[in-house]
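If you want the building blocks of each chain, they are given just below.
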Amino acid sequence: MLNLFDPILEDMGAAQPDFTPHRYGLVAACDGGLIEVSGLSVPVGALCRVTHGRGEPLAEVIGFRNGCTLMMLLGDTVMLRPGARVRAEGRPGMLQVGEAYLGRAVDGEGHPIDGLGPIHAREEWPAGGIRTSALDRSPVREPLDTGVRALNALTTFGIGQRVGIMAGSGVGKSVLLDMIAHGADADVVVVGLIGERAREVSDFVARHMAGEKKARTAVVAVPADHAPNLRLRGAMLATSLAEHFRAQGKRVLLIMDSLTRVAHAAREIALLLGEPGAARGYPPSALATITKLVERAGNSAASGGAITGIYTVLADGDNQDDPVVDTARSILDGHIVLSRDLAQRGQYPAIDIAASLSRVMTDITSPEHQSAARTFRALTASYEANRDLVLMGAYRAGADAQLDRAIAMHGDLSQFLSQPQSQLVPLADSVATLCALIGDGR
């Protein structure tokens, strides 16, 4: 029983007492989620404690205007009143990280949501990351086994690569992420569930925070009903945890679901600050936020560690030219496009091979593997381009040798792309199956 108090006593012993006078400000105005505080000078990114009728919620500084400090509550504004006291708390721009987060599920503030007691983390990491030289990012040279046959064989991932999974709603992004999280080979898995349904959070924790996987997995969950700045802090906390473990030389798999919800949160904050919407309602800072977040992943030449980033991107209305989709595609090292048409035909995962791409595949695979993958893509693209003609019976056999082969192999090609959610296919088996399927006729 006494052992339960050991972490608390260690925290108290490591704490540095602060004897400086505590300053506080007063709430002067509240407009939606934005509050103005007078008399308190603190930097952007600082957390402050607001004292009002329902306790002492936290607020984050997001800007300044007319001598007042602009903040956003991490909770709701119910019972907030004019003149409520606001005082600074903690170290601005720093997040707690460490081994204590492994095996745990936390919210955007780092507080546990799994009912397993407090987290005693004593290390800190900048919320915005540590910017390094571009030459510190070593190239991607080793393949990553995802456990998904179509990804392993046709869009091979590399350790340290950043990949986006792009699709509309309800096409299977979260299911594919679940398969990758279950099958990928990594020292540490950090999962950021940002702006998604609370039900998905509980389901994911129940599936992945059990057994031997629990000891190497950390989950940061901020559902859609939370404040936008809390969603943004959740994404930064997940990325900071991944950077911390990479600095220790570990290979980290960072899963972010979803990057679009992060952009939505950044858009809400930017619009509150008066920034005009430029690209279909997205202010420039909102798109810059996801660019900065993605660039923090990758290999590190200094530590030898790596962050392999897997990000889902929601294509609103299945529009692949959405600003978030377009920005993510331009900065990521590859993208997997999921097709609603394929999903409606019963193919899961519904990967559109012709539209998907891994920009590092040629650097980490053999020439034979690349040749077989190109042939597979060509056959699939040929069949899809002429599918209507084939189904109507308007195509005459012998007119196109490649299309004839694609029609003959269509069943085998579709079966290769399909895979049950509970099944794992190793990388070597995926490549061997691909080469056996294509054969010597390529």
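That block above? That's the structure.
Keep in mind that what you see is a predicted model, and the values were worked out from it rather than measured.

**Describing the sheet that holds strand β6 (residues 85–89)**
Taken in spatial order, the six strands close into a barrel running β1-β2-β5-β4-β3-β6, and their pairing is antiparallel. For this sheet, the mean inter-axis angle between neighbouring strands, taken without regard to orientation, is 45°. Where strand β3 (residues 47–50) and strand β4 (residues 58–65) come together, three bridges link them in antiparallel fashion. Across the sheet, the residue bridging to R49 is L58, located in β4. With respect to the sheet, helix α5 (residues 228–247) is in contact with β3, β4 and β5 (68–73), its orientation differing from that of β5 by roughly 75°.

**A short note on the state of the cysteines**
Should the sulfur atoms of two cysteines be covalently bonded, the bond is a disulfide. All told, the structure shown has zero disulfides when counted by the stated rule. Residue C68 stays outside any disulfide, its sulfur separated by 13 Å from that of C30, the closest cysteine.

**Focus: the packing of helix α3 (residues 173–183) against helix α4 (residues 198–208)**
Packed helices, taken two at a time, are described by the angle their axes make and the gap between the axes. Axis separation between α3 and α4 bottoms out at 11 Å; the angle between their running directions is 20°. Considered as vectors, α3 and α4 are oriented roughly parallel to each other. With respect to the hand of their crossing, α3 and α4 are arranged in right-handed fashion. Contact residues: α3 offers S174, D178, A181 and H182, while α4 offers E200, F204, R207 and H208.

**Digging into the packing of helix α7 (residues 284–295) against helix α8 (residues 323–331)**
Direction vectors running N to C along α7 and α8 enclose 30°, while the axes themselves pass 10 Å from each other. Between α7 and α8, the crossing angle belongs to the class labelled roughly parallel. For the element pair α7 and α8, the recorded crossing hand is right-handed. Every residue of α8 that contacts α7 at L287, I290, T291, V294 and E295 is listed here: P323, V324, T327 and I331. Here the contact of α7 with α8 is built from residues that sort into six nonpolar, two polar and one charged.

Analysis parameters
- Residues numbered from 1 in each chain as written.
- Predicted model: local features only at pLDDT ≥ 70, side-chain atom pairs only at ≥ 80, totals over all residues.
- Heavy atoms only, no water.
- Pairing = 2+ DSSP bridges.
- Helix = DSSP H or I, 4+ residues; strand = E, 2+ residues; numbered from the N terminus.
- Axes fitted to C-alpha atoms, helices over the stretch in contact; angles between N-to-C directions.
- Contact = heavy atoms within 4.5 Å.
- Disulfide = S-S within 2.5 Å.
- Parallel < 35°, antiparallel > 145°, perpendicular 65-115°, else oblique.
- Left-handed = near helix turned anticlockwise from the far one by under 90°.
- Nonpolar A, V, L, I, M, F, W, Y, C, P; charged D, E, K, R; others polar.

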